[in-house]
Amino acid sequence: MGLVYTNAVLVNVKDEARTFSDSFLVDTGATDTIVPSNELEQIGIERRRKRSYELADGTVVSYDVGVALVRFEDEETAIDVVFGKNGVEPLLGVTALQSTGFIVDPANHTLRKMSAIPLK
């Protein structure tokens, strides 16, 4: 399976004029979305809590987490966003995908809209 990217916009929930736009790597192995800290600070996202995350190599690290809106593929949802190291590649996690009803189409390297979001 190749890499899948989507253009996304993070929006400050308290001031929707403050946004961050970029190409995000879609990462179905990541629960939450991660963005460089300096970008989140620039648009005024508040650090609300710390959360522990397990990385791919098994290492457990603690990151600050805030709340933002994310817009991509003509959808919008509220998400937890992780304050990553400056320069980290923005990753769109599976929570944002599930909340908006998208799955990864590995054959075409794109996102595909589900016909319905499961509530079962």
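We now turn to the structure provided with this report. (Residues numbered from 1 in each chain as written. Predicted model: local features only at pLDDT ≥ 70, side-chain atom pairs only at ≥ 80, totals over all residues. Heavy atoms only, no water.)

1. Notes on the nonpolar core
Core analysis: the largest hydrophobic core is formed by 22 residues, its most contacted members being Leu 10, Val 70, Phe 72, Leu 97 and Leu 111. Of all the secondary-structure elements, those providing two or more residues to this core are strand 1 (5-12), strand 2 (15-27), strand 5 (60-72), strand 6 (75-84), helix 2 (94-100) and strand 8 (102-105). When sequence neighbours within four positions are dropped, the list of residues in contact with Leu 10 reads Arg 18, Thr 19, Phe 20, Phe 24, Val 35, Leu 40, Ile 43, Ala 68, Leu 69, Val 70, Ile 79 and Val 81. Formed by seven residues, the second largest nonpolar core is a distinct cluster that contains Leu 25, Ile 34, Tyr 53 and Val 82. (Core = buried A, V, L, I, M, F, W, Y, C linked by side-chain atoms within 4.5 Å. Buried < 20%, exposed > 50% of the residue type's maximum accessible area, 1.4 Å probe, protein only. Helix = DSSP H or I, 4+ residues; strand = E, 2+ residues; numbered from the N terminus. Contact = heavy atoms within 4.5 Å.)

2. Let's talk about the packing of aromatic side chains
One pair of aromatic rings is described through two measures. These are the centre distance and the angle between the planes. A full pass over the atoms with the stated rule returns three aromatic pairs. With a centroid separation of 6.2 Å and 65° between ring planes, the pair formed by Phe 20 and Phe 24 is classed as edge-to-face. Residue classification places Phe 20 among the buried residues on the basis of a relative accessible area of 8%. Here the aromatic rings of Tyr 53 and Tyr 63 are separated by 6.2 Å at their centres, their planes lie at 55°, and the arrangement is tilted. Taken together, the positions of Tyr 53 in strand 4 (residues 49-54) and Tyr 63 in strand 5 put the pair ten residues apart, joining distant regions of the chain. Given a relative accessible area of 15%, Tyr 53 falls into the buried group. (Phe/Tyr/Trp six-rings, centres within 6.5 Å; stacked < 30°, edge-to-face > 60°.)

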